[in-house]
Amino acid sequence: SAVISQKPSRDICQRGTSLTIQCQVDSQVTMMFWYRQQPGQSLTLIATANQGSEATYESGFVIDKFPISRPNLTFSTLTVSNMSPEDSSIYLCSVDPHGGRTEAFFGQGTRLTVV
Amino acid sequence: RKEVEQDPGPFNVPEGATVAFNCTYSNSASQSFFWYRQDCRKEPKLLMSVYSSGNEDGRFTAQLNRASQYISLLIRDSKLSDSATYLCVVRVSGGYNKLIFGAGTRLAVHP
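Please read all numbers here as calculations on a predicted model, not as lab measurements.

Caption draft 1: Structural view of the sheet that holds strand E8 (residues 75-80) of chain A. Residues and elements named next belong to chain A. Taking strand neighbours across the sheet as the criterion, the 4 strands line up as E1-E3-E8-E7 in an open arrangement whose pairing is antiparallel. If you trace the sheet from one side to the other, it starts and ends with strand E1 (4-7) and strand E7 (68-72), each paired once. Neighbour-to-neighbour, the strand axes of this sheet turn through a mean angle of 15 degrees, independent of strand direction. Direction of pairing for strand E3 (residues 19-25) relative to E8: antiparallel, over a ladder of 6 bridges. Within E8, the position partnered with Ile21 by the bridge is Leu78.

Below you can see the structure in the form of structure tokens.
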């Protein structure tokens, strides 16, 4: 299993500002995943973060808006840049310790409200 | 068309009832299948994996039909604590073997 500590758990931000979300894992993992869950919706993958290389973004998400850092095998950050009310959502990080063969584990989520 | 489709519900059932959820997926390259449970304002957690042979875990039974690209979850003897959103999740092969989530089916079990 894997235990993920994600912070902040929630924040209320002014439009035009940026927020950086941090995820710390209790074990080394090759890939970390960042998801967005909008109200009443399911999880949508934003990007996959591999240590030592640039993140891979899904269609509809770009690095300028959601820059990601992955400085080592236990830590990653996601920044939501130049926020607008449409960015209000829950953001979750996730790891897949066994390379896709078993379950994925999630952080507790960051509930972001942009006003 | 969504890659993973579920009936959003809500399913409102009394304690002790049997309830079934269905899910269909469109990507034939899907290789692994799961049901996750998400409680209100919490992160998703694995409920069970789904195998072609079907699998059972206590009151929960999952079935997979690859030919029809269909997954099901059966909950017997529902408990109040089963109230949650159940997410059908598919892992697609290739690249980073990413997970595709259904929108979830809400279950509310009442006394």
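Having seen the structure, we can now continue with the description.
Caption draft 2: Expanded view of the state of the cysteines. Evaluation of the coordinates by the stated rule reveals 2 disulfides over all chains. What pairs with Cys23 of chain A in a disulfide is Cys93 of chain A, and their sulfur atoms sit 1.7 Å apart. Residues Cys23 of chain A and Cys93 of chain A share a disulfide whose torsion about the S-S bond is about -85 degrees; that sign makes it left-handed. With a gap of 70 residues between them, Cys23 of chain A in strand E3 and Cys93 of chain A in strand E9 (residues 89-95) connect regions that are remote in the sequence. Each of the two residues, Cys23 of chain A as well as Cys93 of chain A, counts as buried. Of all cysteine sulfurs, the one in Cys23 of chain A lies closest to Cys13 of chain A, which takes part in no disulfide; the gap is 16 Å. Not engaged in a disulfide, the cysteine Cys40 of chain B finds its nearest cysteine sulfur in Cys93 of chain A; these two sulfurs lie 20 Å apart.

Caption draft 3: How the structure looks around the side chain of Thr61 of chain B. All names here are of chain B. Mapped onto the secondary structure, Thr61 falls in strand E7 (residues 60-65). A relative accessible area of 13% means that Thr61 is categorised as buried. A distance of 2.8 Å separates the side chain of Thr61 from the side chain of Arg76, its partner in a polar contact. Residues contacting Thr61, with those up to four places away along its chain left out, are Asn55, Glu56, Ser72, Leu73, Leu74 and Arg76.

Caption draft 4: Highlighting the pairing of strand E9 (residues 84-92) of chain B. Residue and element names in this part refer to chain B. Buried residues dominate E9, accounting for 9 of its 9 residues. Where strand E4 (residues 30-38) lies against E9, 8 bridges are found, and the strand directions are antiparallel. What sits directly across from Trp35, in E9, is Cys88. The pairing of E9 with strand E11 (residues 105-110) spans 3 bridges and is antiparallel. Directly across from Ala84, in E11, lies its bridge partner Leu107. With 3 bridges joining them, E9 and strand E10 (residues 99-101) adopt antiparallel strand pairing. Each residue of the ladder has a partner; that of Val89, found in E10, is Phe101.

Rules behind the numbers
Residues numbered from 1 in each chain as written. Chains lettered and ligands numbered in written order. Predicted model: local features only at pLDDT ≥ 70, side-chain atom pairs only at ≥ 80, totals over all residues. Heavy atoms only, no water. Pairing = 2+ DSSP bridges. Helix = DSSP H or I, 4+ residues; strand = E, 2+ residues; numbered from the N terminus. Axes fitted to C-alpha atoms, helices over the stretch in contact; angles between N-to-C directions. Disulfide = S-S within 2.5 Å. Buried < 20%, exposed > 50% of the residue type's maximum accessible area, 1.4 Å probe, protein only. Polar contact = N/O pair within 3.5 Å; in protein donor to acceptor, adjacent residues only side chain to side chain. Contact = heavy atoms within 4.5 Å.

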